[in-house]
Amino acid sequence: MKRIVILGSGESGTGAAILAKRNGFDVFVSDKGKIADDYKAELTAYEIDFEEGEHTESKILNASEIIKSPGIPEKSPLIKQLRAAGIPVISEIEFAYRYKGDSKIVGITGSNGKSTTVSLLYHICQVAGIDSALVGNIGYSIARQVALDPKEYYITEISSFQLDDIYEFKADIAILLNITETHLVRYEYKFENYIASKFKIVKNQKEDDYFIYNQDDPVIEKYMKQYLPQSTLLPFTMKNEVRQGAYIKDEKMLIKFKEEQWNMNVNDFTIIGKHNQSNSMAAGIAASVMNIRSDKTRDAVTTFSALEHRLQKVLTIKGVDYINDSKSTNVNSTWFALECIEKKVVLILGGVDKGNDYSILDELVEEKVKAIVCLGVDNSLIHDHFDGMIETIVDTSNMEDCIKACYSLAEQGDVVLLSPSCASFDLFKNFEDRGEQFAKAVKGL
């Protein structure tokens, strides 16, 4: 019997374990950390052998194949050992792909906007009555969905980490939103390595597949010739008209696919900002490829709610809007947040710095930001960049003090924006915890 060893026991690992078990494999799950109680209960229920707190080499090196958690880097000693032993290492999405049957995959990747775009497209599918599931880096893992509740379409958020270990995986409709410098620690500080990972979304596509991409993104445009997608190209852009794809002209989004053409006013979108106009174009093209009627897409775009922790308005207190954008864990996300706010901003920055280049924010900060409130264990890099540019920079090390500082600095008509540009792990469990604590502190004012 083929032995599948799964490294990591989160949603991805547990979903893969369930799929492997249901397909008759000898399955073993190994996690160097603690396995969450709910996942442990599932593994037990499916009679899947597991260990936590260690990696027992004798139980791992006898694997026929390894399914690796996206969070485990290639430089991990165990992964190096597996590579040296010649044991195949694949990602969970690669494993799930083998068992999807005739179902189709819409794969959405990019440095920013993945969660919004995948959620919007899923909402369009729901409005149109399409048999679909929201999976991948959001919601359930695709392996779990394939194992327990197969659908006609899998609307899949895919990170570069998940793409790193694919071989045959193919998206029927691939969407590449943008590529900016992030996660460079994972890619040996070589931007080209990260770019190569993102372009794997088109690696196995054929002529009858579709590649929806941001024609305005300079990195995508530069590398298109190098990676030469074999699929049908459907660009979206704000700069010019295209024969097939989508563009914005005179405040109207126009979608063109084959002989179909339709449009809607961008002022009817429920999500704000030019970046969300790009996300909406990408989702709109995909919907047309999926043969969803334009009136259903219009209805969905005008009823879509913003994601939790992504430009989410919490409260207005004494004329000041408090906005939770905790999911902004890199400077590009913060740039997008500032770009779509018209008022003066008290900006909350800080956390675990990923090697941020804050100069990207300079123009918008000078134009819109009246004060910066730092929220982190070490705020020195923020001070190094913004001292002298912004008159008021305050240091805080917990959410309650942070919100009190914002309250004292903001005036009627201002916005207090939590858009940290950094990971959350110095003070919080994750970005969700950070956003929830923000909302709780604001409601406690």
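Let us look at the structure shown here. (Residues numbered from 1 in each chain as written. Predicted model: local features only at pLDDT ≥ 70, side-chain atom pairs only at ≥ 80, totals over all residues. Heavy atoms only, no water.)

1. Overview of the packing of aromatic side chains
We describe a pair of aromatic rings using the distance from one ring centre to the other and the angle between the two ring planes.
Move 1: Across all of its chains, the model carries 12 aromatic pairs by this definition.
Move 2: Measuring from ring centre to ring centre gives 6.2 Å for Phe25 and Phe95, while their planes differ by 55 degrees; the resulting arrangement is tilted. Residue Phe25 is found in the loop between helix H1 (11–22) and strand S2 (26–31), and its partner Phe95 is found in helix H5 (residues 92–97); the two are separated by 70 residues along the sequence.
Move 3: Chaining the aromatic ring pairs together yields one cluster made of Phe161, Tyr187, Phe191 and Tyr194.
Move 4: For the cation-ring pair, Arg186 lies above Phe161, with the distance from its terminal atom to the ring centre recorded as 3.9 Å. (Phe/Tyr/Trp six-rings, centres within 6.5 Å; stacked < 30°, edge-to-face > 60°. Helix = DSSP H or I, 4+ residues; strand = E, 2+ residues; numbered from the N terminus. Lys NZ or Arg CZ within 6 Å of the ring centre and 35° of its normal.)

2. Looking at the sheet that holds S2
As a general point, the strands of a sheet are linked pairwise by backbone hydrogen bonds and lie either parallel or antiparallel.
Move 1: In space, the 5 strands of this open sheet follow the order S3-S2-S1-S4-S5, with parallel pairing throughout. Strands with a single pairing partner mark the edges of an open sheet, and in this sheet they are strand S3 (49–52) and strand S5 (89–91). Averaged over all neighbouring strand pairs, the angle between strand axes comes to 25 degrees, with direction disregarded.
Move 2: Bridge analysis of strand S4 (residues 65–68) against S5 gives 3 bridges, and the strand direction is parallel. Within the sheet, the bridge partner assigned to Lys68 lies in S5 and is Ser91.
Move 3: Contacts from helix H4 (residues 77–85) reach strand S1 (3–7), S4 and S5 within the one sheet, and its direction differs from that of S1 by about 155 degrees. (Pairing = 2+ DSSP bridges. Axes fitted to C-alpha atoms, helices over the stretch in contact; angles between N-to-C directions. Contact = heavy atoms within 4.5 Å.)

3. Focus: the side chain of Arg186
Move 1: Tracing the chain through its elements places Arg186 in the loop between strand S9 (173–176) and helix H9 (191–198).
Move 2: It turns out Arg186 is buried and unbridged, and the closest side chain with the opposite charge, Asp164, is 4.0 Å from it.
Move 3: Polar side-chain contacts of Arg186 include one of 2.9 Å to the backbone oxygen of Pro70.
Move 4: Once residues lying within four places of it in the same chain are set aside, the contact partners of Arg186 are Lys68, Pro70, Gly71, Ile72, Pro73, Phe161 and Asp164. (Buried < 20%, exposed > 50% of the residue type's maximum accessible area, 1.4 Å probe, protein only. Lys, Arg positive; Asp, Glu negative; His and termini not counted. Salt bridge = Lys/Arg side-chain N within 4 Å of Asp/Glu carboxyl O. Polar contact = N/O pair within 3.5 Å; in protein donor to acceptor, adjacent residues only side chain to side chain.)

4. Some thoughts on the layout of surface pockets
Move 1: The space that makes up the second largest pocket amounts to roughly 560 Å³.
Move 2: Every residue lining the second largest pocket is counted, 25 residues in all, and those nearest its centre are Asn214, Asp216, Asp217, Trp335 and Phe336.
Move 3: Elements with a minimum of two residues in the lining of the second largest pocket: helix H10 (218–227), helix H11 (274–289) and helix H13 (331–339).
Move 4: Class assignment for the residues of the lining of the second largest pocket results in 10 nonpolar, 9 polar and 6 charged. (1 Å grid on protein atoms, 1.4 Å probe; cavity = no way out; pocket = protein on both sides within 12 Å on 5 of 7 lines; lining within 4 Å. Points joined across faces, edges and corners; volume = space filled by probe spheres on them. Nonpolar A, V, L, I, M, F, W, Y, C, P; charged D, E, K, R; others polar.)

5. Details of the pairing of S2
Move 1: Burial runs high along S2: 5 of the 6 residues are buried.
Move 2: The sheet contact formed by S1 and S2 spans 5 bridges and is parallel. Bridge pairing in S2 links Leu7 to Ser30.
Move 3: Traced from S1 through H1 to S2, the parallel crossover comes out right-handed.
Move 4: Pairing geometry for S2 and S3, over 4 bridges, is parallel. Residue pairing across strands places Asp31 opposite Glu52, the latter belonging to S3. (Right-handed = clockwise from strand over helix to strand, strands pointing away.)

6. Comments concerning the pattern of salt bridges
Close approach of charged atoms lets side chains of opposite charge pair.
Move 1: Inspection of every chain in the model, using the stated rule, returns 22 salt bridges.
Move 2: Between Lys170 and Asp209 there is a salt bridge; the shortest N-O distance is 3.0 Å. Here Asp209 lies in the loop between H9 and strand S10 (210–214) and Lys170 lies in the loop between helix H8 (160–163) and S9, a separation of 39 residues in the sequence.
Move 3: Judged by its relative accessible area of 16%, Lys170 falls in the buried class.

7. Quick notes on the environment of Tyr140
Move 1: Tracing the sequence through the fold places Tyr140 in the loop between strand S7 (132–136) and helix H7 (142–148).
Move 2: Here the alpha-carbon distance between Tyr140 and Glu367, two residues 227 residues apart in the chain, equals 40 Å.
Move 3: If sequence neighbours within four positions are ignored, Tyr140 has contacts with Glu11, Leu134, Val135 and Gln145.

8. Some points on the sheet that holds S9
Move 1: Overall, mixed pairing links the 9 strands, which are arranged S7-S8-S6-S9-S10-S11-S12-S13-S14 in an open sheet. Looking along the sheet, the strands with just one partner apiece sit at the ends: S7 and strand S14 (260–265). Along the sheet, successive strands turn relative to each other by an average axial angle of 15 degrees, direction set aside.
Move 2: With 6 bridges joining them, strand S13 (residues 252–257) and S14 adopt antiparallel strand pairing. Looking across to S14, one finds that Met253 is bridged to Met264.

9. Notes on the nonpolar core
Note on soluble globular proteins: their nonpolar side chains tend to be buried together.
Move 1: One finds Ile6, Phe95, Ile142, Ile179, Phe199 and Phe211 to be the most contacted residues of the largest nonpolar core, which totals 51 residues.
Move 2: In terms of residues, this core owes the most to one element, H1, which gives 5 residues.
Move 3: If near-sequence neighbours (up to four positions away) are discounted, Ile179 is found in contact with Ser111, Phe191, Tyr194, Ile195, Lys198, Phe199, Asp217, Val219 and Ile220.
Move 4: Of all hydrophobic cores here, the second largest spans 40 residues; its members include Cys125, Tyr153, Leu234 and Val301. (Core = buried A, V, L, I, M, F, W, Y, C linked by side-chain atoms within 4.5 Å.)

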